[in-house]
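Working through the structure, step by step
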Amino acid sequence: SESMFSQISLLDEMCMGKFTVEHLTTLQTVTKALRDEQFRFNVERGVLERLFAVLVRLYDEFRGLDEGRSVSLRLQLTAECFRAHRNACVQCSHNQCLLRDQGCIQVSLGILGTLLKITTGDPDNLFDAIRCGIQFLGNIAVGNHLCKADIWGHAFPYMFLDLLELCDEKATAYACMVLHTCLDEDKTEQLWTEPQHLKVALKIMELCRTEPDIDWPLTLLELILAQLGEGKEEDCLIPPRTAQILASYFQNSCKSVLSLSSASSANDQKALAVVRLLDILCEMTSKTNFRTLQDHPDLLQSTVELLKEVHLLGKASKNVFSAAQDFSLTEPGGAASHPAVSFTAHLIRLIGNLCHGHMANKDQIRELDGIALILDCCSIDSNNPFISQWAVFAIRNILEHNLENQKLVQGLKRQGVVDDSMLREMGFRVEQRDGSLLLRPLKKEEWHGDN
């Protein structure tokens, strides 16, 4: 059409001579035209070829740019050129493939790499160009396996890491979007194969913790949990720093799990992430590699406080946090399929792990009134299989070598809060001496089931 011929002519002019402000108007016209679905789907190949030629020329200009020369107009032109490319790819696999075949992905990544090194000019113009470039990569990747593979092959891990470390919230959020779009099962596994790859995963986890607009940790959390369950402990690639990041993320977002008490919130992504984080922390705190989690500031307190809220919520009304005795629901499709099943039991497991051999945490759990709370959770509960066993495990760790905690449980025994059979399961027996009840560790031959 006449309009397309005119655009081709104007874009041709941009590939010759000096860039001018009028060229910015030309690109804005093309960007606006490509927003229209009919125009986008019927755009002539020549328009996209000329548009790409402009991008290549901008790339050449940046690579040959002297330190002292102004970059303001070039940055504005680059941003607008990326916008036009971005719009051309919206739900249009034909345009995606055409731009890919021309080498647009490699050139765009090259421009982004060059932009990251620029230290002069208006930072607003610079970040605008970077954001638009990342958005283009996101649009060309959507639904196109070949484009995803190209982006991953040329950007992972170093370019992704550079983009994720930018001091610009929007740019890092867009970079996360591109990375998430490109991920599949094979690529997800690559995140843990080498230290440089691991840095990308850790950076995403850190961003998920600090940036509320970045919210897609479930994929990574599932992978971390799988890694923890594989191989020997000494072969684990996950560094202790990751554990600290995850613990902080759990503390900051743990209250969102309370939304699962409503049946309509069973797929709440933030709540599901907390459930998976708890599973991961339980695994980590059971391994010597991550023993430093016992000293993570306020992790024990946050866990005890969450256990109190979950326990009270379950008592206040009937919901997934309420104790139940219907074990027929553990069949496929029953209540056991709800993501919050076993959550209370796993909170108790985490408390037990954090108190194992750690006197300061044993004292803190007493100060937080956590002992009576755990004992109150010992009932058989089909919503929390094995909760009694985890409670026994936790109380045993809490009482071991801690006389103050043992005295507290003696008092609970007098009040009838805890009975002899429960104490024996925990590895203790009650002796009466001079009118007082004393708690003593069981001898080996006294243990139930011991030979």
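The rules behind the values
Residues numbered from 1 in each chain as written. Predicted model: local features only at pLDDT ≥ 70, side-chain atom pairs only at ≥ 80, totals over all residues. Heavy atoms only, no water. Helix = DSSP H or I, 4+ residues; strand = E, 2+ residues; numbered from the N terminus. Buried < 20%, exposed > 50% of the residue type's maximum accessible area, 1.4 Å probe, protein only. Contact = heavy atoms within 4.5 Å. Areas by Shrake-Rupley, 256 points an atom, 1.4 Å probe, with all protein chains shown as cover. Axes fitted to C-alpha atoms, helices over the stretch in contact; angles between N-to-C directions. Parallel < 35°, antiparallel > 145°, perpendicular 65-115°, else oblique. Left-handed = near helix turned anticlockwise from the far one by under 90°. pLDDT = per-residue confidence, 0-100. Polar contact = N/O pair within 3.5 Å; in protein donor to acceptor, adjacent residues only side chain to side chain. Disulfide = S-S within 2.5 Å. Patch = residues over 30% accessible without salt bridge, like charges linked within 9 Å, V, L, I, M, F, W, Y side chains within 5 Å. Salt bridge = Lys/Arg side-chain N within 4 Å of Asp/Glu carboxyl O. Lys, Arg positive; Asp, Glu negative; His and termini not counted. Charge placed at Lys NZ, Arg CZ, Asp CG, Glu CD. Phe/Tyr/Trp six-rings, centres within 6.5 Å; stacked < 30°, edge-to-face > 60°. Lys NZ or Arg CZ within 6 Å of the ring centre and 35° of its normal.

Things to note about the overall build of the protein
A tally of helices and strands in the protein yields 23 helices and two strands. For the protein, the proportion of its 451 residues judged to be buried stands at 53%. For the protein, the proportion of contacts with a sequence separation of at least 24, taken over those separated by at least 6, is 73%. A total of about 21,200 Å² of accessible surface is found on the protein, and carbon and sulfur atoms cover 50% of it.

Brief notes about the packing of helix H4 (residues 45-63) against helix H7 (residues 104-115)
Following both chains from N to C, one finds H4 and H7 inclined at 30°, their axes separated by 10 Å at the closest point. Viewed along their axes, H4 and H7 adopt a mutual orientation that is roughly parallel. In the packing of H4 onto H7, the handedness of the crossing is left-handed. Across the interface between the two elements, Phe52, Leu55, Val56, Tyr59, Phe62 and Arg63 of H4 pack against Cys104, Val107, Ser108, Gly110, Ile111, Thr114 and Leu115 of H7.

Quick notes on the confidence of the model for the protein
Across the protein, the average pLDDT comes to 85, with 84% of residues at 70 or higher. Overall, residues 329-334 carries pLDDT values under 50, and its contacts beyond four positions in sequence, including any with other chains, amount to five contacts. Here residues 447-451 is a poorly scored stretch, pLDDT under 50, and it has eight contacts once near neighbours within four places are set aside; other chains count.

Describing the side chain of Gln294
Along the polypeptide, Gln294 turns up in the loop between helix H16 (269-284) and helix H17 (299-316). Within the local environment of Gln294, its side chain forms a polar contact with the backbone oxygen of Asn353, the two atoms lying 3.0 Å apart. One polar contact links the side chain of Gln294 to the main-chain carbonyl oxygen of Leu354, over a distance of 3.2 Å. If near-sequence neighbours (up to four positions away) are discounted, Gln294 is found in contact with Asn353, Leu354, Cys355, His356, His358 and Asn361.

Some thoughts on the state of the cysteines
In this structure the tally under the stated criterion is zero disulfides. With no disulfide of its own, Cys377 lies 7.4 Å from the sulfur of Cys378, the closest cysteine sulfur. A relative accessible area of 12% places Cys378 in the buried class.

Thoughts on a negative patch on the surface
Taken together, Glu185, Asp186, Glu189 and Glu230 make up a surface patch of like negative charges. Along the chain, Glu189 turns up in helix H12 (residues 185-190). Residue Glu189 is classed as partly exposed on the basis of its relative accessible area, which comes to 44%.

Concerning the side chain of Gln96
For Gln96, the location among the structural elements is in helix H6 (residues 93-102). A polar atom in the side chain of Gln96 sits 3.3 Å from the side chain of Asn144. Apart from the residues within four sequence positions on either side, Gln96 is in contact with Cys89, Asn139, Ile140, Ala141, Val142, Asn144 and Cys147.

Section: the packing of aromatic side chains
On inspection of all chains with the given rule, the structure shows five aromatic pairs. Note on Trp390 and Phe393: the rings are 5.6 Å apart at their centroids and 80° apart in plane angle, and the pair reads as edge-to-face. One end of the pair is Trp390 and the other is Phe393, both in helix H21 (residues 387-399) and three residues apart, which spans about a single turn. Trp390 sits in the partly exposed class, given a relative accessible area of 25%. Taken together, the ring pairs in this structure connect Trp152, Phe156 and Phe160 into an aromatic cluster. Sitting over the face of the ring of Phe19, Arg57 holds its NZ or CZ atom 4.1 Å from the ring centroid.

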